[in-house]
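Reading the structure
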Amino acid sequence: MTQTLTSPDQIARALWYVDRELVTLREEPIPKLTNGNTVQIRTLYSAISRGTERLVFHGRVPETEWDRMRAPLQQGAFPFPVKYGYCAVGRVEFGPDFLRDKIVFCLHPHQDRFVASANSVVVVRGEVPPKRATLASNMETALNAHWDAGTRPGDRINVIGGGIVGLLIAAVAERIPGSEVVLVDISEEIHRIAAALGITSARPDELSKRALADVVFHTSASAAGLQTAIDCAAQEATVVEVSWYGSREVAVKLGGAFHAKRLRLVSSQVGAVATPQRTRWTHRRRIEKALDLLTDPKLDLLVEGEVPFTEAPDRMADILSPDATGLPPVFAYDAAD
């Protein structure tokens with residue numbers, strides 16, 4: 001196996017969360033490749049994980065979770081300064097010949113060029129454009145959530161919250177034979193996207209007219225959304241909590257019919273492969289399958305918006321605002337031109 005090494009004087013720009021509600025771009029040298037198992041990647045796009053990065057931006061990652069919340073190839077430490085992010089897609093500029101010029105996905109913070117181990121990148125198949133491939137981490141979350149839920153053919157499935165993860169959970173659910181899927185959100189824009197994806201959608205106040213669900217996924221990261229999820233679950237149904245709240249407390253009503261209906265409330269978190277699959281599936285196999293599930297061109301609707309990476313310091317406050325609506329944009333890098 002042969003490998004082409006980098007020049008010693010290249011400089012990269014990376015996004016750092018340097019204080020509460022303050023980000024900046026920092027320059028840093030790109031390490032030289034020193035062995036046959038590293039690659040240098042020129043980033044094309046990176047996706048913003050609005051739920052997680054909003055907590056980082058506002059300094060709401062609980063101290064008890066600082067170690068568990070570390071992203072792969074993260075630098076710095078919580079609360080600040082920290083280089084964070086985990087949805088990068090780029091082209092291999094240098095490294096082993098079998099990867100040279102390949103489009104790859106990597107769990108790496110927002111940065112225009114970076115070095116990673118060859119084992120940490122996944123080649124993106126030709127049917128998946130680079131921009132759409134940034135959905136891989138969110139699709140991995142959606143896949144893991146279905147494993148945690150144990151969804152089955154014929155299930156009535158409600159998804160409360162139409163962010164990117166919620167929409168992907170619903171899109172996967174639509175592929176289950178005989179499933180009856182309803183995406184629930186208050187945003188007309190999300191209803192438009194759901195319709196374009198072929199997913200039935202409803203507002204929370206319309207659920208009383210529908211049959212109760214066998215499986216309910218909650219992704220809105222709000223107490224009201226979680227309460228809606230519990231309320232629309234059928235007898236002995238499963239409610240899967242996919243949201244993460246950081247240091248916020250969440251109040252829900254567990255009186256009424258919660259116990260009488262014998263509801264099953266399940267936490268789903270992507271850091272570990274879901275228990276039913278864990279003895280057979282590795283993280284590598286799961287992310288590869290997530291990329292395989294992104295071949296539908298309609299999923300481009302989830303990455304329509306983009307922001308130049310150079311504008312990140314000026315735009316992140318609006319992108320991560322608690323009042324932000326719609327889907328977050330992706331960062332587009334110069335290499336995407």
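Quick note: structure is the one above.
Residues numbered from 1 in each chain as written. Predicted model: local features only at pLDDT ≥ 70, side-chain atom pairs only at ≥ 80, totals over all residues. Heavy atoms only, no water.

**What to know about the pattern of salt bridges**
If charged atoms from side chains of opposite charge come close, those side chains can pair. Scanning the entire structure with this criterion turns up 21 salt bridges. Arg315 is paired through a salt bridge with Glu311; the nearest N and O atoms lie 3.0 Å apart. Judged by relative accessible area, which is 32%, Glu311 ranks as partly exposed. The network of salt bridges with common partners includes Arg125, Glu127, Lys289 and Asp292. (Salt bridge = Lys/Arg side-chain N within 4 Å of Asp/Glu carboxyl O. Buried < 20%, exposed > 50% of the residue type's maximum accessible area, 1.4 Å probe, protein only.)

**Side note on the side chain of Lys131**
Checked against the element boundaries, Lys131 lands in helix α2 (residues 130-133). In this structure the side chain of Lys131 is engaged in a polar contact, spanning 3.0 Å, whose partner is the backbone oxygen of Val303. When residues no more than four places from it in sequence are discounted, the contact partners of Lys131 are Tyr45, Val303, Glu304, Gly305, Glu306 and Val330. (Helix = DSSP H or I, 4+ residues; strand = E, 2+ residues; numbered from the N terminus. Polar contact = N/O pair within 3.5 Å; in protein donor to acceptor, adjacent residues only side chain to side chain. Contact = heavy atoms within 4.5 Å.)

**Some words on helix α1 (residues 50-57)**
Burial of α1 is extensive: 6 of the 8 residues sit out of reach of the surface. For α1, the complete set of buried residues consists of Arg50, Thr52, Glu53, Leu55, Val56 and Phe57. Of the residues flanking the end of α1, it is Gly59, one or two places downstream, whose phi is positive at about 65°.

**Quick look at the sheet that holds strand β10 (residues 156-160)**
Reading across the sheet, the 6 strands line up as β12-β11-β10-β13-β14-β15 and stay open at both edges, with parallel pairing between neighbours. Every interior strand has two partners, whereas the edge strands, β12 (200-202) and β15 (264-267), have only one. On average, each strand axis in the sheet is tilted by 20° relative to the strand beside it, whichever way the strands run. Most of the contacts of helix α6 (residues 223-231) go to strand β14 (residues 233-241), to which it runs at about 150°, and overall it touches β10, β13 (213-218) and β14. (Pairing = 2+ DSSP bridges. Axes fitted to C-alpha atoms, helices over the stretch in contact; angles between N-to-C directions.)

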